[in-house]
Amino acid sequence: MAVAIIAAMPTPLHNDAFLRACLRQSTPRTPVWLMRQAGRYLPEYRATRAQAGNSFMGLATSPQHATEVTLQPLERYDLDAAILFSDILTVPDAMGLGLSFGAGEGPRFAHPLRDEAAVAALRAPDLERLRYVFDAVRSIRRALAGRVPLIGFSGSPWTLASYMVEGAGSDDYRLVKSMLYSRPDLMHRILEVNAEAVAAYLNAQVDAGAQALMIFDSWGGVLADGVFQRFSLDYTRRVVAALRREAEGRRVPVIVFTKGGGAWLEEIAGIGADVVGVDWTVNLGAARRAVGDRVALQGNLDPSVLFAPPEVVAREGVAVLDAFGAPQRADGGWDGHVFNLGHGISQHTPPEHVTALVEAVHRHSVAQRRRP
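Here is a short report on the structure shown in this document.

**Quick look at the packing of aromatic side chains**
In step 1: Scanning the entire structure with this criterion turns up eight aromatic pairs.
In step 2: Ring centres 3.9 Å apart and planes at 10° place the aromatic pair Phe-228 and Trp-264 in the stacked group. Taken together, the positions of Phe-228 in helix H11 (residues 227-241) and Trp-264 in the loop between strand S8 (254-258) and helix H12 (265-268) put the pair 36 residues apart, joining distant regions of the chain.
In step 3: Looking at Trp-264, the relative accessible area reads 7%, which means it is buried.
In step 4: One aromatic cluster is present, formed by Tyr-45, Phe-56, Phe-85 and Phe-101 through successive ring pairs.

In structure tokens, the structure reads:
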């Protein structure tokens, strides 16, 4: 069943540098946002979570709380984009797998997919069960009032399937890889359902007001070459092809991020996304030369750098900008870089170190653009 969504009324953007960079257009500075920028490293987040009964899902399923924590990092830092506060596992939860977050533990499913009958019964969810996400998107857009763009997101079909089979996070991916190799028919069935569900979920976020979309293929890098292409990349390509790419009179950029996917950078750049995110193992200059002007790049500071003193954090942020290089054309066009971490920010990060990073990125990227 489809869910009827009334989008937020379009509001002129005061800062569209993030959207422009995604489309390889000129920007006055390199835009910066951070994966997991709304989260446990912020004391205000922890206070809001306590109000929600110290429950992650209590936060994520409350549009009011989700709006509050989405905006918290923007009150501290001069960030160029907001990202919806939610979780990649809301989709399989809506499929009936029973998501929970235990105290001090990661996500866990009560009903993982372990046999043929469970896989055969799997269906894309009724989007009505995810209405709280779309309500949060609308609420956040209203609260942002055009300050910066809002990014919606989902996990990739493969990453979702990994959690759905394992039942939780994994160190060796034994269960999901065993199914992949011994019963590829079952794995393809899960991935087909997930691709349909992810595309519908992301399109509904756009209908509700998301201005850019990101697909997190967090576990793509654990696959072997050849296997990655068949079981991860091909299904991400299906999702990208099914996405709504125009809303409110402008392009809705799509970012694809495969952690550990540096070896397949050029293949990822060919699936139709506007931006390819890279982790910290990738040299941005080499990546830029490899993809040319096909896609923009997002990344890629090692999140552990944020544990170093602020002056070191600033220096390493500048090094990332220098690795990417200055705008390529004489007119300042094709900047094509969104500064980010190479993965999510750690919960142990000192908040003041993020200030040093954001200020250094903006300051140095402006100076890059002024050079003859």
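The structure having been displayed, the exposition proceeds.
**Looking at the pairing of strand S4 (residues 150-155)**
In step 1: Burial within S4 is extensive, with six of its six residues counted as buried.
In step 2: Alternating residues of S4 divide into Leu-150, Gly-152 and Ser-154 and Ile-151, Phe-153 and Gly-155, and every residue in both groups is buried.
In step 3: Bridging between strand S1 (residues 82-83) and S4 involves two bridges; their strand directions are parallel. Paired with Ala-82 across the two strands is Leu-150, which belongs to S4.

**Thoughts on the side chain of Gln-211**
In step 1: If you trace the backbone, Gln-211 turns up in the loop between helix H10 (184-208) and strand S5 (212-217).
In step 2: Apart from residues lying up to four places away in sequence, Gln-211 is in contact with Leu-13, Leu-19, Arg-141, Val-148, Pro-149, Leu-150, Arg-251, Val-252 and Pro-253.

**Digging into the pairing of S5**
Each regular strand shows side chains that alternate between the opposite faces of the sheet.
In step 1: Counting buried positions over the six residues of S5 gives six, a clear majority of the element.
In step 2: Burial along S5 is two-sided: Ala-212, Met-214 and Phe-216 facing one way and Leu-213, Ile-215 and Asp-217 facing the other are all buried.
In step 3: Bridge analysis of S4 against S5 gives five bridges, and the strand direction is parallel. In the sheet register, Gly-152 faces S5, and the bridge partner there is Leu-213.
In step 4: Relative to S8, S5 runs parallel, the two sharing five bridges. By the bridge assignment, Met-214 is partnered in S8 with Ile-255.

**Here's the deal with the packing of helix H5 (residues 90-97) against H10**
Pairs of packed helices are described in terms of their axes, by the angle between the two and the distance that separates them.
In step 1: The geometry of H5 relative to H10 is characterised by a closest axis approach of 10 Å and an angle of 120° between their N-to-C directions. Classified by the angle their axes make, H5 and H10 are oblique. The element H5 and its partner H10 pack so that their crossing is right-handed. Facing H5, whose interface residues are Thr-90, Val-91 and Met-95, H10 presents Val-193, Asn-194, Ala-197 and Tyr-201.
In step 2: Class assignment of the residues belonging to the contact of H5 with H10 gives a composition of five nonpolar, two polar and no charged.

**Considering the side chain of Asp-217**
In step 1: Its location among the elements puts Asp-217 in strand S5.
In step 2: Arg-237 is the oppositely charged side chain nearest to the buried, salt-bridge-free Asp-217, at an N-O distance of 11 Å.
In step 3: Leave out the neighbours within four places in its chain, and Asp-217 touches Ser-156, Trp-158, Thr-159, Phe-228, Ser-232, Phe-257, Thr-258 and Lys-259.

**What to know about the nonpolar core**
Within soluble globular proteins, side chains that are nonpolar generally end up buried alongside one another.
In step 1: Phe-18 and Met-187 are the most contacted members of the largest nonpolar core, which totals 129 residues.
In step 2: Not counting chain neighbours up to four residues away, the residues in contact with Met-187 comprise Trp-158, Ala-161, Val-165, Val-176, Met-179, Leu-180 and Phe-231.

**Details of the sheet that holds strand S10 (residues 296-301)**
In step 1: Pairing is parallel in the open sheet, where seven strands are placed in the order S1-S4-S5-S8-S9-S10-S11. Because the sheet does not close on itself, it has two edges, and the strands there are S1 and strand S11 (337-341).
In step 2: Each of S5 and S8 is contacted by H11, which is oriented at about 165° to S5, the strand it contacts most.

**Remarks on the environment of Arg-40**
In step 1: You can see Arg-40 is positioned in the loop between helix H1 (17-22) and helix H2 (43-51).
In step 2: Taking relative accessible area as the criterion, Arg-40 reaches 46% and is therefore assigned partly exposed.
In step 3: Along the sequence, Arg-40 and His-65 sit 25 residues apart, while their C-alpha atoms lie 14 Å from each other.
In step 4: Non-local contacts of Arg-40, meaning those with residues more than four positions away in its chain, are made with Tyr-45, Arg-46, Arg-49 and Gln-347.
In step 5: At 3.0 Å, the side chain of Arg-40 and the side chain of Gln-347 are in polar contact.

Thresholds, definitions, all that
- Residues numbered from 1 in each chain as written.
- Predicted model: local features only at pLDDT ≥ 70, side-chain atom pairs only at ≥ 80, totals over all residues.
- Heavy atoms only, no water.
- Phe/Tyr/Trp six-rings, centres within 6.5 Å; stacked < 30°, edge-to-face > 60°.
- Helix = DSSP H or I, 4+ residues; strand = E, 2+ residues; numbered from the N terminus.
- Buried < 20%, exposed > 50% of the residue type's maximum accessible area, 1.4 Å probe, protein only.
- Pairing = 2+ DSSP bridges.
- Contact = heavy atoms within 4.5 Å.
- Axes fitted to C-alpha atoms, helices over the stretch in contact; angles between N-to-C directions.
- Parallel < 35°, antiparallel > 145°, perpendicular 65-115°, else oblique.
- Left-handed = near helix turned anticlockwise from the far one by under 90°.
- Nonpolar A, V, L, I, M, F, W, Y, C, P; charged D, E, K, R; others polar.
- Lys, Arg positive; Asp, Glu negative; His and termini not counted.
- Salt bridge = Lys/Arg side-chain N within 4 Å of Asp/Glu carboxyl O.
- Core = buried A, V, L, I, M, F, W, Y, C linked by side-chain atoms within 4.5 Å.
- Polar contact = N/O pair within 3.5 Å; in protein donor to acceptor, adjacent residues only side chain to side chain.

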